[in-house]
Amino acid sequence: MSVDNDSTFGKLRSFFWPIHRHEISKILPMLAIIFLICFNYSILRNLKDAIVVTTSGAEVIPFIKVWAMFPGAIFLTVLFTRLSIKYSQERVFYIMITIFLIGYGLFAFILYPFRDYIHPNAFAETLSLYLPEGFRGLIATVCNWSFTIFYVLCELWGSLIMNVIFWGFANEVTRIHEARRFYSVFSIFSNIAAIVAGQAANYMNFVNPTMFFSSNQGNSWQQTMMLLITVVIICGLLIMYIFRWMTKNILTGPSFDEFHQSKREFKKKRKMSVRESFKYLSQSKYLVCIALMVLAYNLTINLVEVVWKDRLRELYPEPADFNKYLNNLTSSVGIVATITSIFMSRIIGKYGWTKTALITPVIMLITSMGFFAFVIFEHNLSPLALAITGITPLAIAALFGGAQNCLSKAMKYSVFDATKEMAFIPLDHEVKLRGKAAIDGIGSRCGKSGGSLIHQGLILVFGSLTASAPIVAIIIIAAIAGWISSVRTLGVQFAEITKPEDPTSDSDREPDESLLTKPQPAGA
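Cut-offs used in this document
Residues numbered from 1 in each chain as written. Predicted model: local features only at pLDDT ≥ 70, side-chain atom pairs only at ≥ 80, totals over all residues. Heavy atoms only, no water. Helix = DSSP H or I, 4+ residues; strand = E, 2+ residues; numbered from the N terminus. Contact = heavy atoms within 4.5 Å. Areas by Shrake-Rupley, 256 points an atom, 1.4 Å probe, with all protein chains shown as cover. Axes fitted to C-alpha atoms, helices over the stretch in contact; angles between N-to-C directions. Nonpolar A, V, L, I, M, F, W, Y, C, P; charged D, E, K, R; others polar. Phe/Tyr/Trp six-rings, centres within 6.5 Å; stacked < 30°, edge-to-face > 60°. Buried < 20%, exposed > 50% of the residue type's maximum accessible area, 1.4 Å probe, protein only. pLDDT = per-residue confidence, 0-100. Patch = residues over 30% accessible without salt bridge, like charges linked within 9 Å, V, L, I, M, F, W, Y side chains within 5 Å. Salt bridge = Lys/Arg side-chain N within 4 Å of Asp/Glu carboxyl O. Parallel < 35°, antiparallel > 145°, perpendicular 65-115°, else oblique. Left-handed = near helix turned anticlockwise from the far one by under 90°. Core = buried A, V, L, I, M, F, W, Y, C linked by side-chain atoms within 4.5 Å. Expected span 1.5 Å × (residues − 1). Bend = angle between axes of the 7 residues up to and from the residue.

Draft legend 1. Spatial organisation of the overall build of the protein. The helix and strand tally for the protein stands at 21 helices and zero strands. For the protein, the share of sequence-separated contacts (at least 6 apart) that also reach a separation of at least 24 residues comes to 83%. Summed over all atoms, the accessible surface of the protein reaches about 21400 Å², with 65% contributed by carbon and sulfur.

Draft legend 2. Representation of the packing of helix α3 (residues 60-86) against helix α13 (residues 285-315) within the structure. With their axes 9 Å apart at the nearest point, α3 and α13 run at an angle of 145° to one another. In this structure, α3 contributes Ile 61, Pro 62 and Lys 65 to the contact, and α13 contributes Asn 302, Glu 305, Val 306 and Lys 309. The residue inventory of the contact of α3 with α13, partitioned by class, reads three nonpolar, one polar and three charged.

Draft legend 3. Looking closely at the packing of aromatic side chains. This structure, assessed with the given rule, holds 26 aromatic pairs. Their ring planes at 85° and their centres at 6.2 Å tell us that Phe 93 and Tyr 94 sit as a pair that is edge-to-face. Judged by its relative accessible area of 2%, Phe 93 falls in the buried class. Overall, Tyr 94 belongs to the buried group, its relative accessible area being 17%. Ring geometry for Tyr 112 versus Phe 147: centroids 5.9 Å apart, planes at 35°, classification tilted.

Draft legend 4. Structural context of the confidence of the model for the protein. Of the residues in the protein, 83% reach a pLDDT of 70 or more, and the chain-wide mean stands at 80. Averaged over each element, pLDDT in the protein is lowest for helix α21 (residues 513-517) (35) and highest for helix α4 (residues 89-111) (94). Considering only residues more than four positions removed or in separate chains, one finds that residues 264-272, a stretch of pLDDT under 50, has 18 contacts. This model gives residues 501-524 a pLDDT under 50, and the stretch forms 50 contacts once residues within four places in sequence are excluded.

Draft legend 5. Quick look at the side chain of Lys 420. Tracing the backbone shows Lys 420 in helix α18 (residues 393-424). Taking relative accessible area as the criterion, Lys 420 reaches 2% and is therefore assigned buried. The residues contacting Lys 420, other than those within four sequence positions of it, are Asn 163, Ile 290, Val 294 and Asp 440.

Draft legend 6. Fine view of a nonpolar patch on the surface. Taken together, Leu 129, Tyr 130, Leu 131, Phe 135, Leu 460, Val 461, Phe 462, Ile 471 and Ile 474 make up a surface patch of nonpolar side chains, about 970 Å² in accessible area. For the nonpolar patch, the elements supplying multiple residues, two or more each, are α6 (121-130), α19 (429-462) and α20 (469-497). No other element matches the three residues that α19 contributes to the nonpolar patch. Under the relative-accessibility criterion, Phe 135 is labelled partly exposed at 31%.

Draft legend 7. Region of the structure containing the packing of helix α8 (residues 145-173) against helix α9 (residues 176-206). The N-to-C vectors of α8 and α9 enclose an angle of 150°; their axes lie 11 Å apart at closest approach. Put simply, α8 runs roughly antiparallel to α9. Between α8 and α9 lies a crossing of right-handed hand. Of the residues in α9, those touching α8 at Trp 167, Ala 170, Asn 171 and Val 173 are Glu 178, Tyr 183 and Phe 186.

Draft legend 8. Seen up close, the nonpolar core. Counting 146 residues, the largest nonpolar core has Phe 100, Tyr 104, Trp 157, Tyr 183 and Phe 186 as the members making the most contacts within it. In terms of residue count, the dominant contributor to this core is α8 (18 residues).

Draft legend 9. Representation of α8 within the structure. In this model, α8 (29 residues) spans 39 Å end to end at C-alpha, consistent with the 42 Å of a helix rising 1.5 Å per residue. Along α8, the sharpest change in direction is near 40° and occurs at Leu 156. Counting buried residues in α8 gives 27 out of 29 residues, a clear majority hidden from the surface.

Draft legend 10. Spatial organisation of α9. Between its terminal C-alpha atoms α9 stretches 45 Å, which fits the 45 Å expected from 31 residues at 1.5 Å a residue. The largest bend in α9 is about 30°, located at Phe 182. Counting buried residues along α9, 22 of its 31 residues qualify, which places the element largely inside the surrounding structure.

Following this line, the structure appears as structure tokens:
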């Protein structure tokens, strides 16, 4: 019997731990790394929203994502690409994480404590007098520049460190028949990290910060923020230590030579510039379909989140309360996603890649339409809901938005990420590296920036986020329809290029290289 056949596991083990004994030394450090990366991301994501939304308002988010996030993503992706050409994938891992950790430390211990001195608040008030109200978000983006930079760094931890750096590493050292089992376990641990992070952050809100910092280092919220960043930095250092141990003790065989060597040590024909990488992406129908999946997800989640956070800020105007709500929501997302992830290997094995990948867009379509139905018809539904539940209309809107956010992100972390990353595995090393950098580093930013541009235009036309909700709902339906079409097309190609490899075989044999290294024309 093959060692990779799921029948070798018991019924419960095939759900929770479909790992063979000889694979434990390989998967345990990877699980520790993804746990710590997701733990940090959960804390950072809630922290940057609490700081920015309660200080500048939710309307600042579309401006940050267009005028700061997108350029920042391009800059760091170009930096990553240049570093990948010059250094090994191992060394690039250390450099990129160090850059982010230094940025977080500078903000928490230097920029934030001196925010009243470094932000041009008087200039912002002057601009507000002369510019239309629709420019309020842009003014806050520029004048509260340290908050903007922190927001960008926190968001890009997910895009670059988690999606590009970690998953690029995982795809490099994991074979397809391993991924069918490993990636469901990765999803479970990443979701558990979100649960732990949400409650750990809430616990730190109740800890007396003067135990760690002197009482003259700002108010209680500032000290709590500094404590959270300290934890993030410690976890970042642990990530690099575990990664270093794994590369020195586990990834030592000849099959990992490409991982340890710089791209300069390979044939010159394998080098590609950033421009060539995007040209390569545009010529590959396979990569274009993956890019459209990523684009549609980020466009959809961004369009919904901005409206929801605008309502949430009215309900929780204080950053500590806002952060506490998001931490609890993060734990809820982790619980739902963990339950889903437990069944991932079985779902993929029974229904195949295509049907599994369709779960996320279908769930997002249903939950998004439910949320916008309440937003659009709030005045009609509120009296009945208030009479039945006794909850204010504002709280009900936040509840609906929170439920949508919870289910959408849970499906993303448990289903979307696993199926998307599986689609990269059969590709050639260079295609994986360049394709992931372009798709996850910049493609995701295009989706979020696109959603922000849409919000900016609609705010100027309709005057508020709520008034523009019907148009946003129509755009979401169109984006998800394109997403579903891309999944179906990609599923056919994925089945074709993985045909040569027997999923029950323990061989390292790869699919026909001609299908993987030469991009198929988009019109084919």
